[in-house]
Amino acid sequence: MSRMEPFVLAFIAIGLLIVLVFIIYLVDRVNAIEKETRLVAQSLNGQKEPPSLGPFAGLSSKKLWDAMTGRVPEGMDPSVLVEVRERYELVLQKHIEAIFQEGVKDGQRGLTGEPKNTKLIATLRGPVESWLPSAQVNTLYKCGIDSTQSPPEQWDAVRSALDEAGQLLYSKALINQTQALSMTLWPQAVAQPSAQAEAQTPSLPPAAS
């Protein structure tokens, strides 16, 4: 055996040992990467879509009314509140109309009831539960009844109560009311005074020729 042979064997052994250590390192690294990839995939799969807050930022019933009348939920983005208010105007209008028409129907049938503060209002973006104060709800309902049962000479008082209730609701909700309620909900009462005035105007005698 030559003197160089033991050194060659030693180098080969060291080389094999290095290769073995490198292979073990690679295998361990691959396993670690695979584990990390699996955890990331599970995390992504486990993530849920944030719940949709809907067109009124998750607000409904009295919470929606409170937000519209200045009692804004803590942390609510002002820009979101502006969008909600724009959509709420139609909700308020429909709720008011529904209460008045409920009174009209009960008045036509000779019935009387106790209207509820809340109503489910349909919108293009989905239904929302609306809430209004009892005082105005009762006034709107009674005006609906009176519109069918009171004589024309009392319509002015009923119309005034109707318009006042509407003006109060719109002002509380910080929404500009463009038209009095009686103009849209009870137009015949608006036209009545002019008709009475025409009826009471004395006819002039024909001019002498």
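None of the values given here were measured: they were computed from a predicted structure.

Visitor: Looking at this structure, I do not really get the pairing of strand β1 (residues 118-121). What am I missing?
Guide: Successive residues of a regular strand alternate their side chains across the two faces of the sheet. Where β1 meets strand β2 (residues 128-131), 4 bridges bridge the pair, whose relative direction is antiparallel. Paired with Ile 121 across the strands is Val 128, a residue of β2. Remark: 6 residues form the turn of the hairpin made by β1 and β2, two consecutive strands paired antiparallel; Gly 126 in that turn has positive phi of roughly 120 degrees.

Visitor: How should I be thinking about the environment of His 95 in this particular structure?
Guide: Looking at the secondary structure, you find His 95 in helix α3 (residues 78-108). As a C-alpha pair, His 95 and Val 137 span 42 residues in sequence and 9.5 Å in three-dimensional space.

Visitor: Help me out: how do you make sense of the packing of aromatic side chains in this one?
Guide: Following the criterion strictly, the structure yields 2 aromatic pairs and no others. Ring geometry for Trp 65 and Trp 131: centres 6.4 Å apart, planes at 55 degrees, overall tilted. Placement of Trp 65 in helix α2 (residues 61-68) and of Trp 131 in strand β2 is noted, with a sequence separation of 66 residues between them. Trp 65 gets classed as buried once you look at its relative accessible area, which sits at 4%. Arranged with centres 5.2 Å apart and planes meeting at 55 degrees, the rings of Trp 155 and Trp 186 form a pair that is tilted. Here Trp 155, found in helix α5 (residues 155-172), pairs with Trp 186, found in the loop between α6 (181-185) and α7 (187-200); they are 31 residues apart in sequence, far enough to count as distant. Trp 155 sits in the buried class, given a relative accessible area of 13%. By relative accessible area, Trp 186 is classed as buried at 1%. Above the ring of Trp 131, the side-chain terminus of Lys 62 is found at 5.3 Å from the ring centroid.

Visitor: Looking at this model, I keep getting lost on the packing of α3 against α5. Mind explaining?
Guide: Working note: a packed helix pair is described by the angle between its axes plus the distance between those axes. At their nearest, the axes of α3 and α5 sit 11 Å apart, and the two run at 150 degrees to each other. One way to sum up the angle between α3 and α5 is to call them roughly antiparallel. Crossing of α3 against α5: the hand is right-handed. Facing Leu 92, Gln 93, Ile 96 and Phe 100 of α3, the residues of α5 in contact are Leu 162, Leu 169 and Tyr 170. Of the residues assigned to the contact of α3 with α5, the class counts are 6 nonpolar, 1 polar and no charged.

Thresholds applied
- Residues numbered from 1 in each chain as written.
- Predicted model: local features only at pLDDT ≥ 70, side-chain atom pairs only at ≥ 80, totals over all residues.
- Heavy atoms only, no water.
- Pairing = 2+ DSSP bridges.
- Helix = DSSP H or I, 4+ residues; strand = E, 2+ residues; numbered from the N terminus.
- Phe/Tyr/Trp six-rings, centres within 6.5 Å; stacked < 30°, edge-to-face > 60°.
- Buried < 20%, exposed > 50% of the residue type's maximum accessible area, 1.4 Å probe, protein only.
- Lys NZ or Arg CZ within 6 Å of the ring centre and 35° of its normal.
- Axes fitted to C-alpha atoms, helices over the stretch in contact; angles between N-to-C directions.
- Parallel < 35°, antiparallel > 145°, perpendicular 65-115°, else oblique.
- Left-handed = near helix turned anticlockwise from the far one by under 90°.
- Contact = heavy atoms within 4.5 Å.
- Nonpolar A, V, L, I, M, F, W, Y, C, P; charged D, E, K, R; others polar.

Taken by themselves, the reported measurements are silent on function.
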